[in-house]
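# Chains, contacts and geometry: an overview
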Amino acid sequence: MTISPLATPFPVLPAIPGVAPRVARAQYKNWDRCDLTFVTLDVGTTVAGVTTQSKCPSPEVEWCRKAMTLGQARALVVNAGNSNAFTGNRGRAAVEAIAARTAAHLGCQPSDVFVASTGVIGVPLPIDKAEAGLDAAFVAELCSWRDATDTIGTTDTFPKAATTSAIVQGKPVNLVGIIKGSGMIAPDMATMLGFIFTDAAVDPTFLQGCLTAANATSFSCITVDSDTSTSDTVLAFATSKAGNTQLASSDDDGADAFAAALADLCRQLAHLVVRDGEGATKFIRIDVTGAESDGSAHRIAMSIANSPLVKTAIAGEDANWGRIVMAVGKAGEPAERDKLAIRFGETQVAKGGLAVEGYDEAPVTAHLKGSDVDVGVDIGMGEGRATVWTCDLTHGYISINADYRS
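What you are looking at is a predicted structure, and each value in this text was computed from that prediction instead of being measured.

### So, the overall build of the protein
- Assigned secondary structure in the protein consists of eleven helices and 15 strands.
- Seen through its principal axes, the protein has C-alpha atoms that stretch 70 × 55 × 35 Å.
- The buried share among the 406 residues of the protein stands at 55%.
- Nonlocal contacts in the protein, meaning residues at least 24 apart in sequence, comprise 80% of its contacts between residues at least 6 apart.
- For the protein, the accessible area works out to roughly 16200 Å², and carbon and sulfur atoms hold 51% of it.

### Overview of the pairing of strand 8 (residues 193-198)
- Across the six residues that make up strand 8, a large majority, six, are buried.
- Burial along strand 8 is two-sided: Leu193, Phe195 and Phe197 and Gly194, Ile196 and Thr198, pointing in opposite directions, are all buried.
- Sheet topology places strand 7 (residues 171-180) next to strand 8; six bridges connect them, and they run antiparallel. Counterpart to Leu175 in the pairing with strand 8 is Thr198.
- Here six bridges tie strand 8 to strand 9 (residues 233-238), and the two strands are oriented parallel to one another. Each residue of the ladder has a partner; that of Ile196, found in strand 9, is Ala236.

### With respect to the sheet that holds strand 4 (residues 75-82)
- Across the sheet, which stays open at both edges, the four strands sit in the order 1-2-4-5 with mixed pairing between neighbours. Looking at strand neighbours, the two that pair on one side only are strand 1 (19-24) and strand 5 (113-120), the edges of this open sheet. The sheet shows a mean angle of 15° between the axes of neighbouring strands, taken without regard to direction.
- As paired elements, strand 2 (residues 36-41) and strand 4 share five bridges and run antiparallel to each other. Across the sheet, Phe38 pairs through a bridge with Val77, a residue of strand 4.
- Each of strand 1, strand 2 and strand 4 touches helix 3 (residues 127-138); the most contacted strand, strand 2, lies at about 50° to it.

### What to know about the pairing of strand 6 (residues 160-168)
- Alignment of strand 6 against strand 7, held across nine bridges, turns out to be antiparallel. Bridge pairing links Thr164 to Leu175 in strand 7.
- What sits between the antiparallel neighbours strand 6 and strand 7 is a turn of two residues, in which Gln169 has the positive phi angle 55°.

### Some details on the pattern of salt bridges
- Scanning the model with the defined rule gives 15 salt bridges in all.
- Lys160 is the partner of Asp276 in a salt bridge, and the nearest nitrogen-oxygen pair spans 2.7 Å. Placement of the pair is Asp276 in the loop between helix 6 (255-275) and strand 10 (283-291) and Lys160 in strand 6, with a sequence separation of 116 residues.
- Overall, Asp276 belongs to the buried group, its relative accessible area being 1%.
- The structure contains a network of salt bridges with shared partners spanning Arg101, Glu131 and Asp135.

### Observations regarding the packing of helix 8 (residues 308-315) against helix 9 (residues 322-330)
- At a minimum axis separation of 9 Å, helix 8 and helix 9 run at an interaxial angle of 160°. What the angle tells us is that helix 8 and helix 9 run roughly antiparallel. Here helix 8 and helix 9 pass one another in a crossing that is left-handed. Residues Leu309, Val310, Thr312 and Ala313 of helix 8 pack against Arg323, Ile324, Met326 and Ala327 of helix 9.
- Split into classes, the residues belonging to the contact of helix 8 with helix 9 amount to six nonpolar, one polar and one charged.

### Concerning the sheet that holds strand 13 (residues 354-355)
- Overall, mixed pairing links the six strands, which are arranged 13-12-11-14-10-15 in an open sheet. Across the chains shown, the open sheet's two edge strands, defined by having one partner strand only, are strand 13 and strand 15 (384-391).
- Of the strand pairs in this sheet, strand 11 (residues 341-344) and strand 12 (residues 347-351) are connected by four bridges, and their pairing is antiparallel. Within the sheet, the bridge partner assigned to Ala341 lies in strand 12 and is Lys351.

Rules used in this analysis
Per chain, residue numbering runs from 1 following the sequence as it is written. Per-residue local features are limited, in this predicted model, to residues with pLDDT of at least 70; the limit for side-chain atom pairs, both in listing and counting, is 80 or more; totals at the level of whole chains, interfaces and linings are taken over all residues. Only hydrogens and water are set aside when side-chain values are computed; all heavy atoms of the structure are taken into account. Here a helix means four or more residues in a row that DSSP labels H or I, a strand means two or more in a row labelled E, and each is numbered from the N terminus. Per-residue accessibility, obtained with a 1.4 Å probe over protein chains only, is compared with the maximum for each type, and a residue is labelled buried under 20%, exposed over 50%, and partly exposed between these values. Contact criterion: two residues are considered in contact whenever any of their non-hydrogen atoms come within 4.5 Å of each other. The protein chains shown are the only cover counted for residues, whose accessible areas, like all others here, come from Shrake-Rupley with a 1.4 Å probe. Two strands qualify as a pair provided that DSSP identifies no fewer than 2 bridges between them. Axes here mean lines fitted to C-alpha atoms, for a helix over just the part in contact, with angles spanning 0 to 180 degrees between N-to-C directions. We define a salt bridge as a contact between a side-chain nitrogen of Lys or Arg and a carboxyl oxygen of Asp or Glu at a distance within 4 Å. Any angle between 65 and 115 degrees counts as roughly perpendicular, while under 35 counts as roughly parallel, over 145 as roughly antiparallel, and the rest as oblique. In this scheme the crossing of two helices becomes right-handed for a clockwise turn of the near helix relative to the far one and left-handed for an anticlockwise turn of less than a right angle. Note on residue categories: nonpolar means Ala, Val, Leu, Ile, Met, Phe, Trp, Tyr, Cys or Pro, charged means Asp, Glu, Lys or Arg, and polar means any other residue, Gly included.

In structure tokens form, the structure reads like this:
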């Protein structure tokens, strides 16, 4: 597998007290690698999450949604190579079996066990392989964050993880996140599978509020191909080991610092997914300003980011700003042609419904030759603004997805 040219080095990640990751081979596919991740969480760990907006969610997503309402967690099990989505009662039975076996091992309730799966849709997860993989994981040695990150991946070309920290009530707290995702990325909530661990003490309701807010400016602002997965899940676990008094409100001392650190972590993780977009060669930031509302700006930005014509033009390093105009116009949001302004990088290319007089395409072409591309659009109608991130569209995307099941 060719590593994305936009890949970043795997960071140095701190251990999170109360979190113990292990990996094993369930052999969900015919491959020579670990494909089951098992993470134990100490008693007292709280949990929050965001899940796909797909109307065809996997049994794992439904299980996590229900379990999250209780606010506590003791384990996480992640299966790679089989999404177990669109598998009816057999899929539900597999999730229940995984949760029951893990709960029996830990002496907790099945609802304390969170399950996520990723891979091919429509193939029931084999319970015998899942149980054998779990049995192997139960007795495995603790693994590194790198091993856990490698194990949750599928078409990912590089392991993706990030870390942040904050001072909460004078106590240092750490946050670590690992994520997988490369294609089928237009989450409307999260992105594929992401798992966040912190040693902070955080009430589950407040943790949910922080994660929902962080998601709105990170995972819900990225797209690779406009396709929302059946399995998208991001879970955050807080082990309460840092020694701070439990955060339960935004008015609590240190709450703002924790929320900011979580938002930063989610943004880092979201960017990494775009940088590993299937076939990607360009990381693209799109800023929309001057819209009637922030929501309108977001929808316009996503219209631009999801346009195959825009994405292929940038892949070809073609300064075809007319495609930006097209994408704004098709978004279905308030916009007026003669108020529109467009820039690539720092170069204004169109304003007032016309090309800028004397516009020199050379600096735009130079900007597009770089790996990071900035596009700015001013609608000229209000104060609404939004930023989204995407990647270009190359033949590599077709090759990966045409051969996905082979």
